[in-house]
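# Architecture and fold: a report
Residue-level listing of the chains:
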Amino acid sequence: MRVGVFSPNDPRPWVRAENIDHMIHREKLLVEALEKNGVEVIRGGEGLPKMDQIAWNTELVRRHIRRIAAERPIALIINQGSWTFPYDTVDAVEFYEAETGDIARVIIFSHKDPRVPGLVAGMAAGGALNRIGIPYYHVYGDIESDPRVIEELMAVLRFYERRAEAEGDVKRAIKALRGRKYLALGGMSLRMPTTTADVDQWMKLFGVTYEALDQSELLVRAWRMVEWEGKPGESHYRILDPRLERAAEYIQRHGRIDYSREKLRSFEKLLYQLSLYYAALDLVEEYNVDFLGVKCQDELSARECTACLLSAYLNNDVGPDGEPKRIVPTACENDMDSALTQLILHLLTGKPAGFGDFRDVEEGILTIMNCGQHPPYFFGGPEMDSKAKLDLAEYMGQEVFYAAGGSSVRGRTPGGYLMTIARLARENLRYRLVAAVIETVDVDPSEHERYNPSWPIIKGRIPMPDEELIEVWPCNHLAFTYGDLTPHLAELAQRLDIGFIVYDADGRRYTKPT
């Protein structure tokens, strides 16, 4: 691990004459602590005359940074030994980004010594960086006598190291976003403003394009696949589409179908839902779609059937026929920013990313549920064969909210896995990405009765207080996928120049202003 240490100073000659030994000593304490922990340190003032080893004017700021930037460290540590002029820190970071042609992963380190204003300098510099949207992490303490200080600094550096290691994947994901196409099937669902997005802002920030169709386009195509004697989903039928026929045969042999609930009394309704899935697949191909959202409520869910199978299997890596398929990130309730978050997670991993509700937080455990469409991929661990996971899916009648009825796709995510939860959202019309890593815990089947019996459940241990997670989360929805992608998401948000609040596995909070 290689880091750069840049140490500014007060430019006034009478102050420098008094503090230079103190400032050099403080830098030495930081450098030695890092080196003892196996860190390679690039000092900006290495080899310069004593007074110039701590940068006190713009020429020295540039000289120090030029030396650091040439070594391409994973992080730039701004070392605040006493009072310094904040603009020198701003200039240092800006010049570093200009020299490297890249972002700066910044840490401000303020030495704890009440005799000098080191913390004052760190907070002043941090405020200056906040004003222009440059993220940083501030570490404060007595690095000479308090071992917790170097432990904290090393933990942050390890996170930054993981960010640097993810740089290639993140750049590829950002490039892959450009030109991706979203399909909105229907409009705003349930009067939820957070499900909508400004498509011009999408194009400007992410390079994503947009298409909108009425949900009736699903029905028109679905009706061509089955010859119904009466009302679709409620009458005798003859399947006309061979794909649907294969899926209907397969789904009745794999997983469990429960006809005991009012909203699903026979296979006809589930077949109707399957036909909507294949109708959506056809629209994806016809319109060259990469990710989508489906309104569902209320036109489909009140008059025809719910779109649960459509969403669950578009998001999945195996179709309802048991065959491998392309993953199409899909959000319920036409939640555009959730779908975009799912797409980003998918581009980073190549694996499914689901959509869920932020249902409950209790004693450090987050419960993720929604109205019945978690991808079956999440009913087993990531190492489990995806086709075998279909045997764990439970199809059962929906809840009271959906007058037309239909089946949910129910299951439980096993414990012991790291999972990333994330959501893009706008705050005062500016984008922010919020993300955290959770560790899943086992869910007993009896727990369904605590919530809505037919809906899938993920439970995970969170790394921050319950109230804090509720406070920072931007809405009721979230995207999720296996693995800890929090370094990737912090790196991605900074490179896209959008705000972020990202928690690592220990609950450490990394932020960037919107």
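What comes next is a walk through the structure. (Residues numbered from 1 in each chain as written. Predicted model: local features only at pLDDT ≥ 70, side-chain atom pairs only at ≥ 80, totals over all residues. Heavy atoms only, no water.)

Now for the packing of aromatic side chains. Evaluation of the coordinates by the stated rule reveals 21 aromatic pairs. For the ring pair Tyr 160 and Tyr 510, a centre distance of 6.3 Å and an interplane angle of 45° mean the geometry is tilted. With Tyr 160 in helix H5 (residues 147-165) and Tyr 510 in strand E22 (residues 509-512), this residue pair connects regions lying 350 residues apart in the sequence. Residue class for Tyr 160 comes out buried when judged on its relative accessible area of 3%. For Tyr 510, a relative accessible area of 4% gives the class buried. (Phe/Tyr/Trp six-rings, centres within 6.5 Å; stacked < 30°, edge-to-face > 60°. Helix = DSSP H or I, 4+ residues; strand = E, 2+ residues; numbered from the N terminus. Buried < 20%, exposed > 50% of the residue type's maximum accessible area, 1.4 Å probe, protein only.)

Bringing the sheet that holds strand E1 (residues 2-6) into the picture now. The strand order across the open sheet formed by five strands is E2-E1-E3-E4-E5, and the pairing between neighbours is parallel. On the outer flanks of this sheet lie strand E2 (40-43) and strand E5 (136-141), each paired with one strand and no other. Each neighbouring strand pair of the sheet contributes to a mean axis angle of 25°, computed without reference to strand direction. Relative to strand E3 (residues 75-80), E1 is paired through four bridges, and the arrangement is parallel. Looking at the pairing, Val 3 lines up with Ala 75 of E3. Against the sheet, helix H3 (residues 86-100) contacts E1, E3 and strand E4 (106-111), and its axis sits at roughly 165° relative to E3. Against the sheet, helix H4 (residues 118-131) contacts E3, E4 and E5, and its axis sits at roughly 160° relative to E4. (Pairing = 2+ DSSP bridges. Axes fitted to C-alpha atoms, helices over the stretch in contact; angles between N-to-C directions. Contact = heavy atoms within 4.5 Å.)

Strand order in this open sheet of three strands is E10-E15-E16, and the pairing throughout is mixed. Looking at which strands have only one partner, the edges of the open sheet turn out to be strand E10 (256-258) and strand E16 (407-410). For this sheet, the mean angle separating the axes of adjacent strands, direction not counted, is 20°. Alignment of E10 against strand E15 (residues 394-397), held across three bridges, turns out to be parallel. Looking across to E15, one finds that Asp 258 is bridged to Met 396.

Let us now look at the pattern of salt bridges. Counted according to the given criterion, the structure contains 46 salt bridges. Asp 10 is the salt-bridge partner of Arg 12, the closest N and O atoms lying 2.7 Å from each other. Overall, Asp 10 belongs to the buried group, its relative accessible area being 2%. For Arg 105, the salt bridge identified is with Glu 491, shortest N-O distance 2.9 Å. With Arg 105 in the loop between H3 and E4 and Glu 491 in helix H16 (residues 486-496), the pair connects residues that are 386 residues apart, well separated along the chain. Each of the salt bridges in this network shares a partner with another, and the network as a whole consists of Arg 72, Asp 102, Arg 105, Arg 163, Glu 167, Lys 171, Glu 491 and Arg 495. (Salt bridge = Lys/Arg side-chain N within 4 Å of Asp/Glu carboxyl O.)

Moving on: the pairing of strand E20 (residues 477-482). Of all six residues that make up E20, six are buried, and the element is covered over most of its length. Neither face of E20 is left uncovered, since the one carrying His 477, Ala 479 and Thr 481 and the one carrying Leu 478, Phe 480 and Tyr 482 both have all their residues buried. As paired strands, strand E13 (residues 354-362) and E20 are joined by four bridges and run antiparallel to one another. Bridged to Phe 355 within E20 is Ala 479. Pairing of strand E17 (residues 418-427) with E20, which is carried by four bridges, proceeds in the antiparallel orientation. From the neighbouring strand, Ile 421 faces E20, where its bridge partner is Phe 480.

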